[in-house]
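# Descriptive analysis of the structure
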Amino acid sequence: KAGVTQTPRYLIKTRGQQVTLSCSPISGHRSVSWYQQTPGQGLQFLFEYFSETQRNKGNFPGRFSGRQFSNSRSEMNVSTLELGDSALYLCASSAGLAGGPSSYNEQFFGPGTRLTVL
Amino acid sequence: GNSVTQMEGPVTLSEEAFLTINCTYTATGYPSLFWYVQYPGEGLQLLLKATKADDKGSNKGFEATYRKETTSFHLEKGSVQVSDSAVYFCALSGGSYIPTFGRGTSLIVHP
């Protein structure tokens, strides 16, 4: 099986711009979660999508949003970029269970998108 | 809120040494506990997990036991190899818990 893929791998933006990151989960996985990883804050949960619905959300401002498509691919958008948004953004997929949050299932992480905001 | 605390790194060991990376957590109820490993330039990989008290997770010679009484999930390996050099993350999640990760502990193993 192909692993989780994220595009692009590297991105450079300037303050005030917006950015869209893409994640393709493992085939058959219906849950996609997004994380922000920084040296200062470590790994922080952004949100989780399951069957095109956001099921869980971390403590991030509304500038961070996401969506999931019917093929389970997911995109994450950050608007009005700030310097502090520079980070590695990781996507993780899991098979999920229809009855509730899938976070206890094994998560498979992609290699991440390195975003630099200048 | 929930939190996970890991020992600060880097941890530097010689090959074949014994490894312990401490992890304690704060959460109401009984989350599932995980150890993930991140090799340079790669995403995180699940190393092992435990879903209830007294469970022992093990994989590739690593093991950790879910200790409810001490709210701990320490990672151990009897004999480390150079190839174990990576960053190790302790995490909790499950049910209604938002996934929460520790800050990561860098392990450096010298030949």
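In what follows, the structure referred to is the one given above.
Let us look at the structure shown here. (Residues numbered from 1 in each chain as written. Chains lettered and ligands numbered in written order. Predicted model: local features only at pLDDT ≥ 70, side-chain atom pairs only at ≥ 80, totals over all residues. Heavy atoms only, no water.)

Core analysis: the largest hydrophobic core is formed by 26 residues, its most contacted members being Leu19, Trp35, Leu48, Phe73, Leu75 and Tyr88 of chain B. Only β2 (11-14), β3 (19-21), β4 (23-26), β5 (32-38), β6 (44-50), β8 (62-65), β10 (86-94) and β12 (105-110) of chain B provide two or more residues apiece to this core. The biggest single contributor to this core is β10 of chain B, with four residues. Ignoring any residue separated from it by four or fewer positions in sequence, one finds Leu48 of chain B in contact with Leu33, Phe34, Trp35, Gly57, Ser58, Asn59, Phe62, Glu63, Ala64, Phe73 and Leu75 of chain B. Among the nonpolar cores identified, the runner-up in size contains 21 residues, and Leu21, Cys23, Val78 and Ala87 of chain A belong to it. (Core = buried A, V, L, I, M, F, W, Y, C linked by side-chain atoms within 4.5 Å. Buried < 20%, exposed > 50% of the residue type's maximum accessible area, 1.4 Å probe, protein only. Helix = DSSP H or I, 4+ residues; strand = E, 2+ residues; numbered from the N terminus. Contact = heavy atoms within 4.5 Å.)

On to the interface of chain A and chain B. In this complex, chain A contributes 22 residues to the contact, which on the side of chain B involves 19 residues. Taken together, the two surfaces of chain A and chain B that pack against each other cover about 1,500 Å², and 54% of this comes from carbon and sulfur. Applying the counting rule to chain A against chain B returns zero salt bridges. Taken together, the links from chain A to chain B amount to three residue pairs in polar contact (both at pLDDT 80 or more). Among the secondary structure elements, those contributing two or more residues to the side of chain A that touches chain B are β4 (31-38), β5 (42-50), β6 (53-57) and β9 (87-94) of chain A. No other element matches the three residues that β5 of chain A contributes to the side of chain A that touches chain B. Here the side of chain A that touches chain B is built from residues that sort into ten nonpolar, nine polar and three charged. (Buried area = accessible area lost by both parts, 1.4 Å probe. Salt bridge = Lys/Arg side-chain N within 4 Å of Asp/Glu carboxyl O. Polar contact = N/O pair within 3.5 Å; in protein donor to acceptor, adjacent residues only side chain to side chain. Nonpolar A, V, L, I, M, F, W, Y, C, P; charged D, E, K, R; others polar.)

Residues and elements named next belong to chain B. Structurally, Lys60 can be placed in the loop between β7 (56-59) and β8. Classification of Lys60 by relative accessible area gives exposed; the value is 55%. C-alpha of Lys60 to C-alpha of Leu48: the two residues are twelve residues apart in sequence and 9.1 Å apart in space. Apart from residues no more than four positions distant in its own chain, Lys60 is found in contact with Gln45 and Lys77.

This part is about the state of the cysteines. Two cysteines whose sulfur atoms are joined by a covalent bond form what is called a disulfide. Residues and elements named next belong to chain B. All chains considered together, the criterion is met by two disulfides over all chains. Residue pairing for Cys23: its cysteine sulfur links by disulfide to Cys90, the two sulfurs lying 1.9 Å apart. Its S-S torsion of about -70 degrees marks the bond between Cys23 and Cys90 as left-handed, since a negative value means left-handed. Placement of the pair is Cys23 in strand β4 and Cys90 in strand β10, with a sequence separation of 67 residues. (Disulfide = S-S within 2.5 Å.)

Turning next to unusual backbone geometry. As a rule of thumb, non-glycine residues mostly have phi less than zero, and peptide bonds are mostly trans rather than cis. The step from Thr7 of chain A to Pro8 of chain A runs through a cis peptide bond, and the omega angle for that step is -10 degrees. With respect to the helices and strands, the residue Pro8 of chain A is situated in the loop between β1 (5-7) and β2 (10-13). Residues Gly9 of chain B and Pro10 of chain B are joined by a peptide bond in cis, for which omega reads -5 degrees. Tracing the sequence through the fold places Pro10 of chain B in the loop between β1 (3-6) and β2. With a phi angle near 75 degrees, Ser72 of chain A is a residue other than glycine that sits in the positive phi range.

On to the sheet that holds strand β9 (residues 75-77) of chain B, then. Residue and element names in this part refer to chain B. Strand order in the open sheet made by the four strands is β3-β9-β8-β7, with antiparallel pairing throughout. Each end of this open sheet is capped by a strand with a single partner; those strands are β3 and β7. Put simply, the sheet's adjacent strands are angled 15 degrees from each other on average, direction ignored. Note that β8 and β9 share three bridges and pair antiparallel. Across the sheet, residue Glu63 finds its bridge partner in β9, namely Glu76. (Pairing = 2+ DSSP bridges. Axes fitted to C-alpha atoms, helices over the stretch in contact; angles between N-to-C directions.)

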